Each structure stands twice: as C-alpha cells, then as structure tokens.
Amino acid sequence: QQQVKQSPQSLIVQKGGISIINCAYENTAFDYFPWYQQFPGKGPALLIAIRPDVSEKKEGRFTISFNKSAKQFSLHIMDSQPGDSATYFCAASLSDYKLSFGAGTTVTVRA
Amino acid sequence: KAGVTQTPRYLIKTRGQQVTLSCSPISGHRSVSWYQQTPGQGLQFLFEYFSETQRNKGNFPGRFSGRQFSNSRSEMNVSTLELGDSALYLCASNQLGGTGELFFGEGSRLTVL
C-alpha cells in the first residue's frame, strides 16, 4: 500500500517554464515532507523539505506548497533549466527514521 | 568530507545464492538506513540502524537482514536470492537519526539471473 501518491509520472517543460509535481498522503501523523532529486547513476539528494506547520517554503527556484487539510503537497520548479532534468521524489515520514517515497516524476527540460 | 560509500557498485548473482552489501556512512553519522529501488516498486524502506541497534524494519521477508558495526559501517545481506531481488540497493546516513536530511550513496546494483 503506497502511502504517498505522486503525479505526474513524467513531464516535459521548456527551458524557462514552470514544472509542477503533486503528492498526496493518507497518514495525518506524517510530520516531515522532503523532496529528493535523483540523476541517473546517482543516489537521491535532498532538494527541499517542509514540516506541516508551514504552508510554503521557497529555496531559490524551488518551492514547496503544503495543504494540510487536503493532505497534499507540491513542488514547483520555476525558470526550469536543462540541468534540472532528473527524477524527483516526494516523501513523508513520522519521527521514526523511515521515509515513504512517492513513485517519482521524471522531468525533462527542453532547451 | 567523504560522502556515503557503497560497495560493490555492481554485482551479478544467480538464484539461490546470497549477497552481502557494504555501506560506510559519512564520518560522524550514526544512523544508517537501507532502501531498495526498483522501476516497479520505487524506493522501499528496508531497515534503519542507530548505534548498532535496528530501530525500524520495512515489509521485507526475513531473507533480508542487516547489521551495523561499532564504527557505524553497515552491511545488508540477502539470502536465497530470487529474480525479484534485482534492484538498486541504496544506503543513506544521517547524523542523529530521526527526521532530517538523509545522505544517500550511489547504490549497489544487484542483478539476479
């Protein structure tokens, strides 16, 4: 049973455009929501993370929007660049050292 | 500061064999987690160790086991390999455990024939 559902599976965006990835979760006890970025042949790397007491967090071109009542959160990549082409994973966890990951979104940025 | 190191990076085994994968966490990190990554199931949590104690375990059969040594290095073992065990096995370390940034290694890619 997948605890975090992620969509879309893949997306293509033009350079300079906005990429939006959505995730939904079921367990209201989750208290940490990170996004990881993975390039081919590499392990995932933390991109940005948010806790449920905050509705939005921005770091550079990356923004997390969090809707606690809807149990949804999303990643916005502004001014997308070819170097952003990667697979993005949302995740959620309790304070129990275990991350539940979404299925991943492959983002392709066309120059 | 060196990152998380996993060995071997690639290996091929046959059904019924066993395999041991090794992980050296970032210096000073005491928590080590293991994840299995496959195209069909995505990233699935295997287990987490902190100060040589397993604190949490995912929904994997008993063929999957692990341990952590006093220097925080960790190993995972898969016995009686099945074709479905073919995957990228990722190790991640964290300074204190609990929520917070996980630092992943590049993984060990296991192919079972």
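Our subject is the structure that appears above.
Here goes a summary of the coordinates provided. (Residues numbered from 1 in each chain as written. Chains lettered and ligands numbered in written order. Predicted model: local features only at pLDDT ≥ 70, side-chain atom pairs only at ≥ 80, totals over all residues. Heavy atoms only, no water.)

Bringing the overall build of chain A into the picture now. When its secondary structure is counted, chain A shows zero helices and eleven strands. Counting helices and strands in the order they occur from the N terminus, chain A gives β-β-β-β-β-β-β-β-β-β-β. A compact globule built from 111 residues should have a C-alpha radius of gyration of about 13 Å, and chain A, at 13 Å, falls within 12% of that. For the C-alpha atoms alone, the extent of chain A along its principal axes is close to 40 × 30 × 20 Å. In chain A, once contacts between residues fewer than 6 apart in sequence are set aside, the share between residues at least 24 apart is 53%. (Helix = DSSP H or I, 4+ residues; strand = E, 2+ residues; numbered from the N terminus. Rg over C-alpha atoms; globule rule 2.2 N^0.38 Å. Contact = heavy atoms within 4.5 Å.)

All names here are of chain A. With antiparallel pairing, five strands are arranged side by side in an open sheet as β1-β3-β8-β7-β6. Every other strand in the sheet has two partners, leaving β1 (4-7) and β6 (56-59) as the edge strands with one partner each. Ignoring which end each strand starts from, the neighbouring axes of this sheet average 15° apart. As defined by bridge partners, β6 adjoins strand β7 (residues 62-67) across four bridges and the pair is classed as antiparallel. Note on β7: the bridge partner recorded for Lys 58 is Thr 63. (Pairing = 2+ DSSP bridges. Axes fitted to C-alpha atoms, helices over the stretch in contact; angles between N-to-C directions.)

The next thing to look at is the side chain of B:Glu48. Within the fold, B:Glu48 resides in strand β5 (residues 42-50). Of note is the side chain of B:Glu48, whose polar atom sits 2.7 Å from the side chain of B:Arg55. (Polar contact = N/O pair within 3.5 Å; in protein donor to acceptor, adjacent residues only side chain to side chain.)

Residues and elements named next belong to chain B. An order of β1-β3-β8-β7 is seen for the four strands of this open sheet, with the pairing classed as antiparallel. Each having just a single partner strand, β1 (5-7) and β7 (64-68) make up the two edges of the open sheet. In this sheet, neighbouring strand axes are inclined to one another by 15° on average, regardless of whether the strands run parallel or antiparallel. Relative to strand β8 (residues 74-78), β7 is paired through five bridges, and the arrangement is antiparallel. Across the sheet, residue Arg 67 finds its bridge partner in β8, namely Glu 75.

Moving on, we get to the environment of A:Val109. Tracing the backbone shows A:Val109 in strand β11 (residues 105-110). Each C-alpha atom of the pair A:Val109 and A:Ser80 lies 6.7 Å from the other, and the pair is 29 residues apart in sequence.

Looking now at the environment of A:Arg110. All names here are of chain A. Turning to its location among the elements, Arg 110 is positioned in strand β11. For Arg 110, a relative accessible area of 43% gives the class partly exposed. It is 8.7 Å that separates the C-alpha atoms of Arg 110 and Ser 85, two residues lying 25 residues apart in sequence. (Buried < 20%, exposed > 50% of the residue type's maximum accessible area, 1.4 Å probe, protein only.)

Interface extent is often summarised as the accessible area lost during association of the parts. Counting from both sides, the interface comprises 20 residues of chain B and, opposite them, 19 residues of chain A. Summing the contributions of chain B and of chain A, the shared interface buries around 1600 Å²; its carbon and sulfur component is 57%. In this structure, the connection of chain B to chain A is made through one salt bridge. Our enumeration of links across chain B and chain A arrives at four residue pairs in polar contact (both at pLDDT 80 or more). For the side of chain B that touches chain A, the elements supplying multiple residues, two or more each, are β4 (31-38), β5, β6 (53-57) and β9 (87-94) of chain B. Within the side of chain B that touches chain A, the residues separate by chemical class into seven nonpolar, eight polar and five charged. (Buried area = accessible area lost by both parts, 1.4 Å probe. Salt bridge = Lys/Arg side-chain N within 4 Å of Asp/Glu carboxyl O. Nonpolar A, V, L, I, M, F, W, Y, C, P; charged D, E, K, R; others polar.)

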